[in-house]
Amino acid sequence: MRVLLTGGSGMVGRNILEHRSAGLFEILAPSSSELNLLDQASVKDYISAVQPDLIIHAAGRVGGIQANIADPAGFLVQNSLMGIHVINEAYRAGVKYCINLASSCMYPRDALNPLHENQILKGELEPTNEGYALAKVTATKLCQYISETDNDVSYVTLIPCNLYGRHDNFDPHSSHMIPAVIRKIHEAHKNGSFTVEIWGDGNARREFMYAEELADCIFSVIAEIQRGGPASGLMNVGIGRDYSINEYYKAVADVVGYKGEFSHDLSRPVGMRQKLIDSSRINNMGWCSSTRLADGISKTYEYFLQEVDI
Ligand SMILES: NC(=O)c1ccc[n+]([C@@H]2O[C@H](COP(=O)([O-])OP(=O)(O)OC[C@H]3O[C@@H](n4cnc5c(N)ncnc54)[C@H](OP(=O)(O)O)[C@@H]3O)[C@@H](O)[C@H]2O)c1
Ligand SMILES: C[C@@H]1O[C@H](OP(=O)(O)OP(=O)(O)OC[C@H]2O[C@@H](n3cnc4c(=O)[nH]c(N)nc43)[C@H](O)[C@@H]2O)[C@@H](O)[C@H](O)[C@@H]1O
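Residues numbered from 1 in each chain as written. Chains lettered and ligands numbered in written order. Predicted model: local features only at pLDDT ≥ 70, side-chain atom pairs only at ≥ 80, totals over all residues. Heavy atoms only, no water.

**Observations regarding the overall build of the protein chain**
Part 1 of the reasoning: Secondary structure assignment for the protein chain yields 10 helices and 12 strands.
Part 2 of the reasoning: For a compact globule of 310 residues, the expected C-alpha radius of gyration is about 19 Å, and the protein chain comes in at 19 Å, within 12% of that figure.
Part 3 of the reasoning: Each principal axis of the C-alpha distribution contributes one length, and for the protein chain these read about 60 × 40 × 35 Å.
Part 4 of the reasoning: Across the 310 residues in the protein chain, those meeting the buried criterion constitute 52%.
Part 5 of the reasoning: When contacts within the protein chain are restricted to residue pairs at least 6 apart in sequence, those whose partners lie at least 24 apart make up 83%.
Part 6 of the reasoning: Total accessible area on the protein chain stands at roughly 13600 Å², and carbon and sulfur atoms take up 49% of it.
Part 7 of the reasoning: When the 27 positive and 36 negative side-chain charges of the protein chain are each reduced to one mean point, those points stand 2 Å apart. (Helix = DSSP H or I, 4+ residues; strand = E, 2+ residues; numbered from the N terminus. Rg over C-alpha atoms; globule rule 2.2 N^0.38 Å. Buried < 20%, exposed > 50% of the residue type's maximum accessible area, 1.4 Å probe, protein only. Contact = heavy atoms within 4.5 Å. Areas by Shrake-Rupley, 256 points an atom, 1.4 Å probe, with all protein chains shown as cover. Lys, Arg positive; Asp, Glu negative; His and termini not counted. Charge placed at Lys NZ, Arg CZ, Asp CG, Glu CD.)

Rendered as structure tokens:
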């Protein structure tokens, strides 16, 4: 099976390429310099030339809460254009299968947790990442419309919770919480600082999954597609539990060996109070998460020490 992977140089893409099942497929993973997904003609020409059997759309303009607040228009435009170009040109070229990656941030900010797939668009979005969320909803709906109007194709959207892991973005200006906390606590431990600052009061809750697990889930979905396709084209992918931000800081401190204190900067944005997703559909398909938080953080910290803090 020939697979076109977008976002192959990103955290999710790299974990897909490093997965033990990747060798079972012919995977084409053009970088953004080889294929700019913002250029519709290039996307159309590339897909027509390579004629993939399946596309995994893992490219995107991605960042944490601070990055999203800084550039909502950029997150909206770039993710919308990438999603529409990849998905629409795939369908126009006759590609039968697509796995599109959305995000749990596209759920309504005040929706009852755990979040179920049928709650999408049932309420106001989280303002801190509204642009990104609108783009994710657009691509998700495009996949749904295509699959509903053409029984010969299966365009599946997976909705992951927050992710972290090897190949994560550790830039403090654009990273998500776990890589930011790993960097902050590591530097405090190395410099002998006595306190580390937590954004907000630390009571917000998040569900973070080790990115290697999403790669594993994607290959399970591909296997299911090869067996005739998953029962649902829209599935949450999470670990089934969340932790408070304060608990994440403590978990990272335990891995790093930091024994200092924490302070809270209440001026910082905190985003959604909670975004725990209901992963029953993917669990019923036969895939479940298995990486413990401490193990995931340890492996991510090991990557940080080897590849980032050099
Ligand atoms: N990280 C999370 O917490 C999280 C949570 C839920 C869902 N997701 C979703 O998972 C997917 C992957 O996220 P990630 O964390 O792996 O992101 P990432 O590490 O930032 O990687 C983004 C990828 O997209 C590529 N890209 C960006 N602009 C492009 C363009 N114009 N043309 C072609 N490629 C372009 C990048 O290539 P270059 O490096 O060459 O620019 C990179 O390979 C995204 O759809 C994201 O929305 C992520
Ligand atoms: C999955 C992603 O979720 C994103 O929302 P979101 O979870 O709040 O994004 P994060 O940046 O991971 O923040 C998660 C929570 O951690 C808190 N936090 C505490 N300390 C820090 C820190 O040092 N750095 C960061 N970054 N956060 C920190 C932050 O206030 C927020 O409540 C969306 O903006 C994206 O679009 C995407 O959907």
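What follows continues from the structure just given.
**Comments concerning the nonpolar core**
Part 1 of the reasoning: By size, the foremost hydrophobic cluster in this structure holds 47 residues, and its most contacted members are Leu-158, Ile-218, Val-221 and Ile-282.
Part 2 of the reasoning: Looking at this core, the element that brings in the most residues is helix α7 (residues 211-226), giving 9 residues.
Part 3 of the reasoning: Residues within four places of Ile-218 in sequence aside, it is in contact with Ile-16, Ile-56, Ile-99, Leu-101 and Leu-158.
Part 4 of the reasoning: Core analysis: the second largest hydrophobic core is formed by 27 residues, Met-177, Ile-198, Val-252 and Tyr-301 among them. (Core = buried A, V, L, I, M, F, W, Y, C linked by side-chain atoms within 4.5 Å.)

**Examining the site of ligand 2**
Part 1 of the reasoning: As a structural note, the neighbourhood of ligand 2 is formed by 23 residues, with Lys-184, Arg-206, Tyr-249, Pro-269 and Val-270 the closest of them.
Part 2 of the reasoning: Ile-65 is positioned with one of its backbone polar atoms (N or O) 2.9 Å from an oxygen atom of ligand 2.
Part 3 of the reasoning: Within the backbone of Trp-199, a nitrogen or oxygen atom sits 3.4 Å from a nitrogen atom of ligand 2.
Part 4 of the reasoning: Considering ligand 2 on its own, with 700 Å² of exposed area, one finds that the protein chains cover 97% of that surface. (Near = heavy atom within 4 Å. Polar contact = N/O pair within 3.5 Å; in protein donor to acceptor, adjacent residues only side chain to side chain.)

**Structural notes on the side chain of Glu-126**
Part 1 of the reasoning: With respect to the helices and strands, the residue Glu-126 is situated in the loop between β4 (97-101) and α5 (130-149).
Part 2 of the reasoning: Not counting chain neighbours up to four residues away, the residues in contact with Glu-126 comprise Arg-109, Gly-271 and Met-272.

**Digging into the site of ligand 1**
Part 1 of the reasoning: Taken together, 25 residues lie near ligand 1, and Ser-9, Val-12, Ser-32, Tyr-132 and Lys-136 sit nearest.
Part 2 of the reasoning: Leu-163 has a polar backbone atom sitting 3.0 Å from an oxygen atom of ligand 1.
Part 3 of the reasoning: Computed on the free molecule, ligand 1 has an accessible area of 900 Å², of which 83% lies beneath the protein chains in the complex.
Part 4 of the reasoning: If you list the elements that add at least two residues to the shell around ligand 1, you get α1 (11-18), α5 and β6 (162-164).
Part 5 of the reasoning: Split by residue class, the shell around ligand 1 holds 15 nonpolar, 9 polar and 1 charged. (Nonpolar A, V, L, I, M, F, W, Y, C, P; charged D, E, K, R; others polar.)

**Some points on the sheet that holds strand β2 (residues 26-28)**
Part 1 of the reasoning: Strand order in this open sheet of 6 strands is β2-β1-β3-β4-β5-β10, and the pairing throughout is parallel. What marks the edges here is a single partner per strand, and that holds for β2 and β10 (234-237). Adjacent strand axes in the sheet meet at a mean angle of 20° when their direction is disregarded.
Part 2 of the reasoning: Pairing analysis gives 4 bridges linking strand β1 (residues 2-6) to strand β3 (residues 54-57), with the strands arranged parallel. Bridging across to β3, Val-3 finds its partner in Leu-54. (Pairing = 2+ DSSP bridges. Axes fitted to C-alpha atoms, helices over the stretch in contact; angles between N-to-C directions.)

**Quick word on the UniProt feature "binding site: substrate" (unreviewed entry) in the protein chain**
Part 1 of the reasoning: On the UniProt side, "binding site: substrate" (unreviewed entry) is annotated at positions that read Lys-184, Trp-199 and Arg-206 here.
Part 2 of the reasoning: Owing to a relative accessible area of 26%, Lys-184 belongs among the partly exposed residues under this scheme.
Part 3 of the reasoning: With respect to the secondary-structure elements, Arg-206 resides in strand β8 (residues 205-206).
Part 4 of the reasoning: Here Arg-206 is in contact with Asn-162, Asp-242, Tyr-243, Ile-245, Tyr-248, Val-270, Gly-271, Met-272, Arg-273, Gln-274 and Lys-275, once residues within four sequence places are set aside. (UniProt positions renumbered as here; feature names shortened; annotations may be inferred.)

**Some details on the pattern of salt bridges**
Should the charged atoms of two oppositely charged side chains come close, the side chains can pair.
Part 1 of the reasoning: This model, assessed by the stated rule, comprises 17 salt bridges.
Part 2 of the reasoning: Salt-bridge contacts for Arg-92 lead to Glu-89; the nearest nitrogen and oxygen are separated by 3.1 Å. Here the residue Arg-92 and the residue Glu-89 both occupy positions in helix α4 (residues 72-92), the gap between them amounting to 3 residues, near one helical turn.
Part 3 of the reasoning: In this structure, the salt-bridge partner of Arg-205 is Asp-242, at a minimum N-O distance of 3.0 Å. You can see Arg-205 sitting in strand β8 and its partner Asp-242 sitting in the loop between β10 and β11 (243-244), a full 37 residues away along the chain.
Part 4 of the reasoning: By relative accessible area, Arg-205 is classed as partly exposed at 26%.
Part 5 of the reasoning: Classification of Asp-242 by relative accessible area gives buried; the value is 7%. (Salt bridge = Lys/Arg side-chain N within 4 Å of Asp/Glu carboxyl O.)

**Comments concerning a nonpolar patch on the surface**
Part 1 of the reasoning: A surface patch of nonpolar side chains, about 340 Å² in accessible area, is lined by Leu-38, Leu-76, Val-77, Leu-81 and Leu-134.
Part 2 of the reasoning: Ranked by residue count, the leading element in the nonpolar patch is α4, at 3 residues. (Patch = residues over 30% accessible without salt bridge, like charges linked within 9 Å, V, L, I, M, F, W, Y side chains within 5 Å.)

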